[in-house]
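Structural characterization, general
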Amino acid sequence: MTGLELDHVGFTYPKAKRSVLSDVCASFAPGTISAIRGYSGAGKSTLLYLIAGLDVPTRGQLRWNDQPVLTGDLTEYRRRVVSLIAQSYLLFPNRTALENVCYPLLLAGKSRQEAETEAREHLRSVRLGEELYRRLPGRLSGGEQQRVAIARCLASHTPLIAADEPTGNLDEENAREVMGILQKLAEEEKKTIVIVTHDRMIADLAQKQYILSQGQLLTE
Amino acid sequence: MFLIRMCRRPLIPLLLLTEFMLSACFLSVNEKTLRENQASIEQLYDTAVVECRVLPKTVTGGRFAISPFSARALCRQEAVDSYFCVLKDPCYLTQDGPEGNMIVACGTNDLAVFCREMYVTVMLDETYRDVDFKEDAAVCLLDEDMAEELGYRPKDTISVMGGDENGHYTEKAAPQELTVIGTYKNGGSMVEKGAILVPESRFYTRGEKRLTYDAASQNRWYYYIKFSFTLHPAYNRDLERVTAELEEAVSHLTGLDKVEYTLYVGSRELEQALRPLENKTALQQRLSLPMQAAFCVLSAALTLLLAAGERQEILIRRLGGESGTRVLVSTWAALCLLLSLLVLPSLLVAQLLWKGAQTAFLLKSAAVSMFLGGLLLLILCRRKLIALYQRQD
Ligand SMILES: Nc1ncnc2c1ncn2[C@@H]1O[C@H](COP(=O)(O)OP(=O)(O)OP(=O)(O)O)[C@@H](O)[C@H]1O
Ligand SMILES: [Mg+2]
């Protein structure tokens, strides 16, 4: 179990002149939270998109547990390996909190009953009030939506979690709480967690810190 | 399941439902009134009777008088359906007549029209209610006062012979025996006082028995003082041509004293009834296509909005590890099912309003929407996730 390895990863946006990432080498071990910081426009989100399987590197390679993440089989990678916690939470707008968390469970082939039971557990573990389970995301606060997104991430049972500014929209207290949940996941479930953040305080809560600068990832 | 989710954000589906309903209503009502107007136009063309009159060209051109010969020539035109005439000739009662008094024989082929046109009231004896002046009946009607003076009653027979213009007997015409079938009351100055009313046919040369005293003078004394005719409804659609032909024929007529004639065609009423209807149907026909196009565009636009609203759903599902094809198929199927359900009530409305004439359009419109919606979904499902995601953020 070597976790995620980035092997000389480079990325250029289509039609863009300059590459955003030129040569990123890093490895993210299971059971750790790694925080990536960098100035705005450095390419932090772009790197996270590659980790989350939104696209493939234009150069180099990603490896998960020593297996290359094949370009043709991103679907499998997205389904079994990685889950993304997006800054905008990315919840199904017309499904309730509970239904949102049920989604990966149903996709994995669980019955509706089983899925709901498990989804409730995950929602409880992120301490979302029971009365909010039947609400649509539009009627939840930012912090509540973030918890639903984390619960869904838990329900997808992926060993790798990529989080793009997971606390960006939250106040300090909520941010700390979210970090607490992530820390617990890393410790107890040995998940590999990569987060991108601007926030020094959040980064300090991670075991490893990186700075992305000029297309390269540097250890702090 | 997806229907429940749709109901959570029902604005666009409701708009679509309304749009389908409105298009069914508008187009059906338009179709209905169009068909009804077209039917009334047909009906007008099929039944309207256009009356034509031959008139002197100038008001001061003297009295109206055209020879039956000319009139008959006009009537031989195929468009002419029936005619009405009044002719007049001096004649003489052979017995019990007012001495030395020339009487006028007034002939017509249609007693009913005669009464209306000449302001005459007829009192027919019961036995003769069915007498038809179009036929060759040896009958007559006497002026009320004259009948009383002379003591004639219905069923009596009188003997009449042609007189000359001076009110003299003429031996050249043998007397005719005519049965009195009733009396009339002269309501105006159109009919000469004391005239005897006879069917038109009594004037024709029939062996020796005729009310015209000789053939040579027929053209001088035997003439129509009124003549009009009606056109066959079958020619109503072709009035312009028919009118031109008849006008041409009338322009060659010359009557007594070289009076020239002109034709008055009573098509104004028909035109006045037709024009607004025809204008309306033309407008409705012209409007129908743009209206359909507008409704089609509207439903397509709403469907595209609906499909665009699925962007986040598509993104999350693909991010969750579902293949693009799978997401596309299920989303498109849901969209098609929804559209089918939404279009159903409008089909019913179209059926109720006008025999479902708009069913084909509604189905087509829904199909176009499904197709375009599917196309947009296809684009969304094929797009690079990174692009889809970035637009999201
Ligand atoms: N779709 C795209 N096409 C072309 N260039 C892009 C695209 N998306 C981002 N970029 C460019 O890539 C660079 C890195 O963008 P990225 O969003 O990864 O930065 P970031 O480090 O996350 O910044 P921030 O801290 O502001 O979120 C930027 O210069 C940006 O302009
Ligand atoms: Mg960013």
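Scoring rules and cut-offs
- Residues numbered from 1 in each chain as written.
- Chains lettered and ligands numbered in written order.
- Predicted model: local features only at pLDDT ≥ 70, side-chain atom pairs only at ≥ 80, totals over all residues.
- Heavy atoms only, no water.
- Helix = DSSP H or I, 4+ residues; strand = E, 2+ residues; numbered from the N terminus.
- Buried < 20%, exposed > 50% of the residue type's maximum accessible area, 1.4 Å probe, protein only.
- Contact = heavy atoms within 4.5 Å.
- Patch = residues over 30% accessible without salt bridge, like charges linked within 9 Å, V, L, I, M, F, W, Y side chains within 5 Å.
- Areas by Shrake-Rupley, 256 points an atom, 1.4 Å probe, with all protein chains shown as cover.
- Salt bridge = Lys/Arg side-chain N within 4 Å of Asp/Glu carboxyl O.
- Pairing = 2+ DSSP bridges.
- Axes fitted to C-alpha atoms, helices over the stretch in contact; angles between N-to-C directions.
- Core = buried A, V, L, I, M, F, W, Y, C linked by side-chain atoms within 4.5 Å.
- Domains from an automatic or database assignment.
- Buried area = accessible area lost by both parts, 1.4 Å probe.
- Near = heavy atom within 4 Å.
- Polar contact = N/O pair within 3.5 Å; in protein donor to acceptor, adjacent residues only side chain to side chain.
- Nonpolar A, V, L, I, M, F, W, Y, C, P; charged D, E, K, R; others polar.

**Examining the overall build of chain B**
Scanning chain B from terminus to terminus reveals 12 helices and 10 strands. Residue burial in chain B is summarised as follows: out of 393 residues, 48% are buried. Summarising the internal contacts of chain B: among those between residues at least 6 apart in sequence, 79% fall at separations of at least 24.

**Observations concerning a nonpolar patch on the surface**
Residues and elements named next belong to chain B. Residues Leu3, Leu337, Leu341 and Leu344 make up a contiguous nonpolar surface patch of about 330 Å² in total accessible area. Counting residues per element, the nonpolar patch draws most heavily on helix α10 (residues 324–354), at 3 residues. Structurally, Leu341 is set in helix α10. You can call Leu341 partly exposed: its relative accessible area is 39%.

**A look at the sheet that holds strand β4 (residues 59–64) of chain A**
All names here are of chain A. Here we have 4 strands laid out as an open sheet, ordered β2-β1-β4-β5, and antiparallel in their pairing. Looking along the sheet, the strands with just one partner apiece sit at the ends: β2 (21–28) and β5 (67–68). Judged from the 5 bridges that link them, strand β1 (residues 4–11) and β4 form a sheet pairing that is antiparallel. Bridging across to β4, Leu6 finds its partner in Leu62. Contacts from helix α1 (residues 44–51) reach β1, β2 and β4 within the one sheet, and its direction differs from that of β1 by about 125 degrees.

**With respect to the sheet that holds strand β7 (residues 160–164) of chain A**
Residues and elements named next belong to chain A. An order of β6-β7-β8-β3-β9-β10 is seen for the 6 strands of this open sheet, with the pairing classed as mixed. This sheet does not close on itself; its edge strands, each paired only once, are β6 (82–85) and β10 (216–219). In this sheet, adjacent strand axes meet at a mean angle of 25 degrees when their direction is disregarded. As judged from the 5 bridges shared by β7 and strand β8 (residues 192–196), these two strands associate in the parallel manner.

**Some remarks on unusual backbone geometry**
All names here are of chain A. Non-glycine residue Lys15 carries a positive phi angle of around 70 degrees. Examined against the element boundaries, Lys15 turns out to sit in the loop between β1 and β2. A relative accessible area of 89% places Lys15 in the exposed class. Positive phi, normally seen in glycine, also occurs at Arg127, with a value near 55 degrees. Position of Arg127 among the secondary structure elements: in the loop between α4 (112–125) and α5 (142–155).

**Points about the nonpolar core**
Ranked by size, the top nonpolar core spans 77 residues in total, and within it Leu6, Phe28 and Ile51 of chain A carry the most contacts. Here this core gets 12 residues from one element, more than from any other, and that element is α10 of chain B. The residues contacting Leu6 of chain A, other than those within four sequence positions of it, are Val24, Cys25, Ala26, Phe28, Leu47, Ile51, Gln61 and Leu62 of chain A. With 48 residues, the next largest nonpolar core counts Leu74, Cys85, Met146 and Phe229 of chain B among its residues.

**Comments concerning the domain arrangement of chain A**
All names here are of chain A. Taken domain by domain, chain A holds domain 1 (1–81 + 159–220) and domain 2 (91–157). Here the C-alpha centroids of domain 1 and domain 2 sit 24 Å apart. Listed per partner, the contact involves 12 residues of domain 1 and 11 residues of domain 2. With both chains or domains summed, domain 1 and domain 2 bury close to 1,000 Å², and 59% of this area falls on carbon and sulfur atoms. Considering only the side of domain 1, the residues that lose the most area to domain 2 are Arg79, Glu177 and Ile181, jointly responsible for 41% of the buried surface there. Remark: the boundary between domain 1 and domain 2 carries 2 salt bridges. Here Arg147 ties to Glu177 by a salt bridge, and the two come within 2.9 Å at their closest N and O atoms.

**Regarding the site of ligand 1**
Close contacts around ligand 1 come from Tyr13, Val20, Tyr39, Ser40, Gly41, Ala42, Gly43, Lys44, Ser45, Thr46 and His198 of chain A together with Gln390 of chain B, and that covers them all. Of the chains in the model, those with residues near ligand 1 are chains A and B. Contact between ligand 1 and Ser40 of chain A: an oxygen atom at 2.5 Å from a side-chain N or O atom of the residue. Between an oxygen atom of ligand 1 and a side-chain N or O atom of His198 of chain A, the distance comes to 3.1 Å. Protein coverage of the free-state accessible area of ligand 1, which is 630 Å², stands at 62%. Considering each element in turn, the shell around ligand 1 owes the most residues, 3 residues, to α1 of chain A. For the shell around ligand 1, the residue count by class is 4 nonpolar, 7 polar and 1 charged.

**Considerations on the pattern of salt bridges**
Pairing is possible between side chains that carry opposite charge, provided their charged atoms lie close to one another. All chains considered together, the criterion is met by 27 salt bridges over all chains. Among the salt bridges present, the one from Asp7 of chain A reaches Arg63 of chain A, with a minimum N-O distance of 3.1 Å. Of this pair, Asp7 of chain A sits in strand β1 while Arg63 of chain A sits in strand β4; the two residues are 56 residues apart in sequence, bridging distant segments of the chain. Take Asp7 of chain A: its relative accessible area is 24%, and that puts it in the partly exposed class. Taking the shortest distance from any N to any O, the salt bridge between Glu76 of chain A and Arg80 of chain A comes out at 2.8 Å. Of this pair, Glu76 of chain A and Arg80 of chain A both sit in helix α2 (residues 74–80), 4 residues apart, which is roughly one turn of that helix. Accessibility expressed as a relative area gives 32% for Glu76 of chain A, which makes it partly exposed. One salt-bridge network, held together by shared partners, links Glu51, Arg53, Glu117 and Lys226 of chain B.

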